[in-house]
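# Coordinates in review
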Amino acid sequence: METHSDNCLLPIIGSAERGQALRWLVFLATEIYPMVEIIDYPERFSPQSTGPESVRKTVKEIWRQRWLVVEQRVSGAFLLTGGFCVTDIYIAVLSRWAQQENWRPGNIPRVETLFQAVASRPLCKEIWCRNFRDW
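Structural notes, computed from the coordinates. (Residues numbered from 1 in each chain as written. Predicted model: local features only at pLDDT ≥ 70, side-chain atom pairs only at ≥ 80, totals over all residues. Heavy atoms only, no water.)

## Looking at the nonpolar core
A general tendency of soluble globular proteins is for nonpolar side chains to be buried together. As a reminder of what qualifies: Among buried residues, those of type Ala, Val, Leu, Ile, Met, Phe, Trp, Tyr and Cys that are joined through side-chain atoms within 4.5 Å constitute a nonpolar core. The cut-offs for exposure are 20% and 50% of the maximum accessible area for each residue type, with area from a 1.4 Å probe on protein chains only; residues under the lower value are buried, those over the upper are exposed, and the others partly exposed. Here a helix means four or more residues in a row that DSSP labels H or I, a strand means two or more in a row labelled E, and each is numbered from the N terminus.
Ranked by internal contacts, the top residues of the largest apolar core, which has 38 residues, are Trp63, Trp67, Val70, Ile91, Val118 and Trp128. Among the secondary structure elements, those contributing two or more residues to this core are α1 (16-40), α2 (52-73), α3 (86-95), α5 (109-120) and α6 (122-131).

And the structure:
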């Protein structure tokens, strides 16, 4: 991103929006992304006394609560009021994971709008069409 700063993937160095973009990248990478494996493969994390479905159910609820935090922060079509940045791509991609197709539209509509805005960008559209069924 720094090497290709002409692509405007992050707000300018030193700006408050850059700090916010980086803050939310870290939040997504540490608080949401790790749950994908647990939701997809709960048997790796379930004690024998419970079952994989119990673990999956619990982690999906945590996943959903964290997405509600992101939902509250999204402003307009993108996370930042200044417009599109790489964090929006990460939000869009992660929002498609963890078997949440039925939950997302009614609970995180701002994130859904952000997904549509990112997926509609010319450089993203082909990739989205190839990799996401709901686009």
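## Considering the packing of aromatic side chains
The criterion, for reference: The aromatic pairing rule takes the rings of Phe, Tyr and Trp, using the six-membered ring of Trp, and pairs them if the centres are within 6.5 Å, calling planes under 30 degrees apart stacked, those over 60 edge-to-face and the rest tilted. Charge-over-ring placement is defined geometrically: NZ (Lys) or CZ (Arg) within 6 Å of the ring centre, and within 35 degrees of the ring normal.
Summed over all chains, the structure comprises five aromatic pairs. Each ring, one from Tyr33 and one from Trp97, has its centre 5.7 Å from the other, and the planes form 55°; the classification is tilted. On the criterion of sequence distance, the pair formed by Tyr33 in helix α1 and Trp97 in the loop between α3 and α4 (104-107) is long-range, its members being 64 residues apart. Arg121 extends its terminal NZ or CZ atom over the ring of Phe84, reaching a point 3.6 Å from the ring centre.

## Some words on the side chain of Gln100
This is how it is decided: Polar contact criterion, stated in full: a pair of N or O atoms within 3.5 Å, where within protein one must be able to donate a hydrogen and the other to accept it, and residues adjacent in sequence count only if both atoms are side-chain atoms. By definition in these notes, contact holds between two residues if any of their heavy atoms fall within 4.5 Å.
By the secondary structure assignment, Gln100 is in the loop between α3 and α4. Judged by its relative accessible area of 1%, Gln100 falls in the buried class. Of note is the side chain of Gln100, whose polar atom sits 2.7 Å from the side chain of Arg64. Excluding anything up to four places from it in sequence, Gln100 contacts Lys60, Trp63 and Arg64.

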